[in-house]
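Residues per chain, in single letters:
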Amino acid sequence: MEELGIRLAAHLRAGDLIQLDGELGAGKTTLTRGIGEGLRVRGAVTSPTFVLARTHPTAVGVPLVHVDAYRLSSALELDDLDIDWAGSITVVEWGAGKLDGVSDSWLRIAIERRTGAAADAALRPGDEVDADEEPRHVVIEGIGPRWADLPPLD
């Protein structure tokens, strides 16, 4: 997830909005940590659970805003956070259904952490899996004009 975030960071610019969906432990914060690494943030990118939104200055000059929208009920409450949407790269965890009206474009990244039999089925014979590298299924969907031509993230 961190490597995907690093690759994704190369395509991001001020005003970009990313919605992360997935269960607890799916890798949302790890992906955001990778985006932060790719943007060369100062300090550690940690879960914003207790502050709702945390702004990280970056070496590229565009701040990374990391939002936990889990406790927010609507886009109106998200807007109340006074985030500089146009001047930041914003990652919103648990943002499903809360981004309408915030922007006309965003990336939706759905992460599924496979467990049990589903995880075993994703492995090939001889694969060894570290607990931090459990198989994940990731779907990236570009919404709106900014992401009409979603670049490959290789």
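Above this text you will find the structure in question.
Notes on the structure follow.

Reading the values: the criteria
Residues numbered from 1 in each chain as written. Predicted model: local features only at pLDDT ≥ 70, side-chain atom pairs only at ≥ 80, totals over all residues. Heavy atoms only, no water. Patch = residues over 30% accessible without salt bridge, like charges linked within 9 Å, V, L, I, M, F, W, Y side chains within 5 Å. Areas by Shrake-Rupley, 256 points an atom, 1.4 Å probe, with all protein chains shown as cover. Salt bridge = Lys/Arg side-chain N within 4 Å of Asp/Glu carboxyl O. Lys, Arg positive; Asp, Glu negative; His and termini not counted. Charge placed at Lys NZ, Arg CZ, Asp CG, Glu CD. Helix = DSSP H or I, 4+ residues; strand = E, 2+ residues; numbered from the N terminus. Buried < 20%, exposed > 50% of the residue type's maximum accessible area, 1.4 Å probe, protein only. Expected span 1.5 Å × (residues − 1). Contact = heavy atoms within 4.5 Å. Core = buried A, V, L, I, M, F, W, Y, C linked by side-chain atoms within 4.5 Å. Axes fitted to C-alpha atoms, helices over the stretch in contact; angles between N-to-C directions. Parallel < 35°, antiparallel > 145°, perpendicular 65-115°, else oblique. Left-handed = near helix turned anticlockwise from the far one by under 90°.

### A few points about a negative patch on the surface
Thinking step 1. On the surface, Glu77, Asp79, Asp80 and Asp82 cluster together into a negatively charged patch.
Thinking step 2. Turning to its location among the elements, Asp82 is positioned in the loop between helix H3 (75–79) and strand S4 (89–93).
Thinking step 3. Judged by relative accessible area, Asp82 falls into the exposed class, the value being 69%.

### Points about helix H2 (residues 28–39)
Thinking step 1. In a regular helix each residue adds 1.5 Å, so 12 residues correspond to 16 Å; H2 covers 17 Å between its end C-alpha atoms and thus fits that length.
Thinking step 2. Buried within H2 are the following residues: Lys28, Thr29, Leu31, Thr32, Gly34, Ile35, Gly36 and Leu39.
Thinking step 3. Each element contacted by the buried residues of H2 is listed here: helix H1 (2–9), strand S1 (17–21), strand S3 (64–68), S4 and strand S5 (106–113).
Thinking step 4. Positive backbone phi, approximately 60°, marks Arg40, located one or two places after H2.

### Details of the nonpolar core
Thinking step 1. Among the nonpolar cores identified, the biggest contains 21 residues, and Leu8, Leu12, Ile18, Ile35, Leu64 and Ile109 are the most heavily contacted of them.
Thinking step 2. Going through the elements one at a time, H1, S1, H2, S4 and S5 are the ones with two or more residues in this core.
Thinking step 3. For Leu64, the residues in contact, after removing those within four places along its chain, are Thr32, Ile35, Gly36, Leu39, Val41, Val45, Arg54, Thr55, His56, Thr58, Ile89 and Val91.

### A few points about the environment of Pro135
Thinking step 1. Along the chain, Pro135 turns up in the loop between helix H4 (116–122) and strand S6 (136–143).
Thinking step 2. Sequence separation of Pro135 and Glu112 is 23 residues, and the distance between their C-alpha atoms is 8.6 Å.

### So, the environment of Ala96
Thinking step 1. Mapped onto the secondary structure, Ala96 falls in the loop between S4 and S5.
Thinking step 2. The exposure class assigned to Ala96 is partly exposed, which follows from its relative accessible area of 46%.
Thinking step 3. Spatially, the C-alpha atoms of Ala96 and Arg108 are 8.6 Å apart, while their sequence positions differ by 12 residues.
Thinking step 4. Non-local contacts of Ala96, meaning those with residues more than four positions away in its chain, are made with Gln19 and Asp21.

### Quick look at the pattern of salt bridges
Two side chains with opposite charge may pair up if their charged atoms get near one another.
Thinking step 1. In the structure shown here, the tally under the stated rule is 2 salt bridges.
Thinking step 2. As a salt-bridge pair, Asp21 and Arg108 come within 3.0 Å of each other at their nearest N and O atoms. On the criterion of sequence distance, the pair formed by Asp21 in strand S1 and Arg108 in strand S5 is long-range, its members being 87 residues apart.

### Side note on the packing of H1 against H2
Thinking step 1. The geometry of H1 relative to H2 is characterised by a closest axis approach of 6 Å and an angle of 45° between their N-to-C directions. The pairing of H1 with H2 is recorded here as oblique in orientation. As H1 packs across H2, the resulting crossing turns out to be right-handed. Residues Glu2, Leu4, Gly5, Ile6, Leu8 and Ala9 of H1 touch H2, and the partners they reach there are Thr30, Leu31, Arg33, Gly34, Ile35, Glu37, Gly38 and Leu39.

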